[in-house]
Amino acid sequence: MRTSTTRRWPVRYLWLGTLAVVATLLLPASMAVAGRSIGQASAQAANSIHHPQGITAGPDGALWFTTQSSDSIGRITTGGNVTTFTGNGISGPDGITKGPDGALWFTNYDNNSIGRITTGGNVSNFTGSGIDGPQQITTGPDGALWFTNYDNNSIGRITTGGKVSSFTDKGISRPYGITTGPDGDLWFTNYGNNTIGRMTTSGVVTDYQKQGVNGIRGPYAIAAGPDGALWFTVNFDVNAIGRITTAGKITLYSSGALSFPDALTAGPDGALWFTNGTHAIGRITTSGKIKSFSRKGIIVSPPPDGITAGPDGALWFTNYYDDSVARMTTAGVVTRF
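Presented here is an overview of the structure given in this document. (Residues numbered from 1 in each chain as written. Predicted model: local features only at pLDDT ≥ 70, side-chain atom pairs only at ≥ 80, totals over all residues. Heavy atoms only, no water.)

Right, let's get into the sheet that holds strand β29 (residues 307-309). With antiparallel pairing, the four strands of this open sheet are ordered in space as β29-β30-β31-β32. Bordering the open sheet on either side are β29 and β32 (334-336), each of which pairs with just one other strand. Neighbouring strand axes in the sheet, compared pairwise and without regard to direction, differ in orientation by 20° on average. Relative to strand β30 (residues 315-319), β29 runs antiparallel, the two sharing three bridges. Looking at β30, one finds that isoleucine 307 is bridged to phenylalanine 317. (Pairing = 2+ DSSP bridges. Helix = DSSP H or I, 4+ residues; strand = E, 2+ residues; numbered from the N terminus. Axes fitted to C-alpha atoms, helices over the stretch in contact; angles between N-to-C directions.)

Put into structure tokens, the structure is as follows:
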């Protein structure tokens, strides 16, 4: 999450009260065919990683990541060979995901667009009137890509053909993380009103709140867990890992090992893994047991940023302030590239 020159840390709010559920109808704010530019990105071999952010496993057995300050998309093999791609509308890329069409899709925060890159380096760039401050992106259950618009409080949808829809609702406030749930709906974090949002592909929004002294304050990343629930990070004055069932029941897990937990992913071992402030990389089981790992190669403060499960059975994460990508086994062995 960033502005055009530095990382953006959004305003965080304090909420008090009890668990509440508000269901409202989502209305499309705009719908249009996106503008599109297509071209071959410039490829650079060797390690040219600069401020890596999001990371995901690609369809080609490699890891793909966004490098914000150099306006590029990076690719790293499980053996550590790095290639970066620049040009053709790549500007301040943030979130990245594997698309249903065998390409990688990413958000361009700095020029308010959605990018697509093939594994061969061909880049398409899509714009639309409803794209404003795009952050995280996920493949939806309907074969489209869904993303959060942090700056205009909306959820966006783009088809693989480039048609953009933007949806607003009174319950959507500074959305950041987004993922597809086991129920076939989209789940997202609302940083602005401290809720977890759920949206059907037909446009119905439900907000879930857990307030009070031990409530949600600063929900950030979100991922589908191996237990049929959604898991999310909470990183304001309450540092916690949260779990929400598809019925809306919220449980928060806290520990002295937690310090501003950030990105989150389902791991290869049936647990959830997350980047974790001064304690580096964290692991939480579906029963709530938390363990932290701090090793050479993990930048301890500020914390590592994106994290994903790799095709090699390890966790891969980005060290934003160290200009590196790292690999960690489930036993905690770290290799930095």
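A positive phi angle, close to 50°, is found at aspartate 71, a residue other than glycine. For aspartate 71, the location among the structural elements is in the loop between β6 (63-67) and β7 (72-76). Of note in this structure, asparagine 194 is not a glycine but carries a positive phi near 60°. You can see asparagine 194 is positioned in the loop between β18 (186-190) and β19 (195-199).

This next bit is on the layout of surface pockets. Approximately 670 Å³ is the volume attributed to the largest pocket. Around the largest pocket, the lining comprises 31 residues; the ones closest to its centre are Ile55, Ile222, Leu264, Thr265 and Ile307. At the level of secondary structure, the elements contributing two or more residues to the lining of the largest pocket comprise β5 (52-57), β9 (93-98), β13 (134-139), β17 (175-180), β21 (219-224), β25 (261-266) and β29. Its residues assigned to classes, the lining of the largest pocket comprises 14 nonpolar, 14 polar and three charged. (1 Å grid on protein atoms, 1.4 Å probe; cavity = no way out; pocket = protein on both sides within 12 Å on 5 of 7 lines; lining within 4 Å. Points joined across faces, edges and corners; volume = space filled by probe spheres on them. Nonpolar A, V, L, I, M, F, W, Y, C, P; charged D, E, K, R; others polar.)

Purely spatial values, then, with no claim about function.
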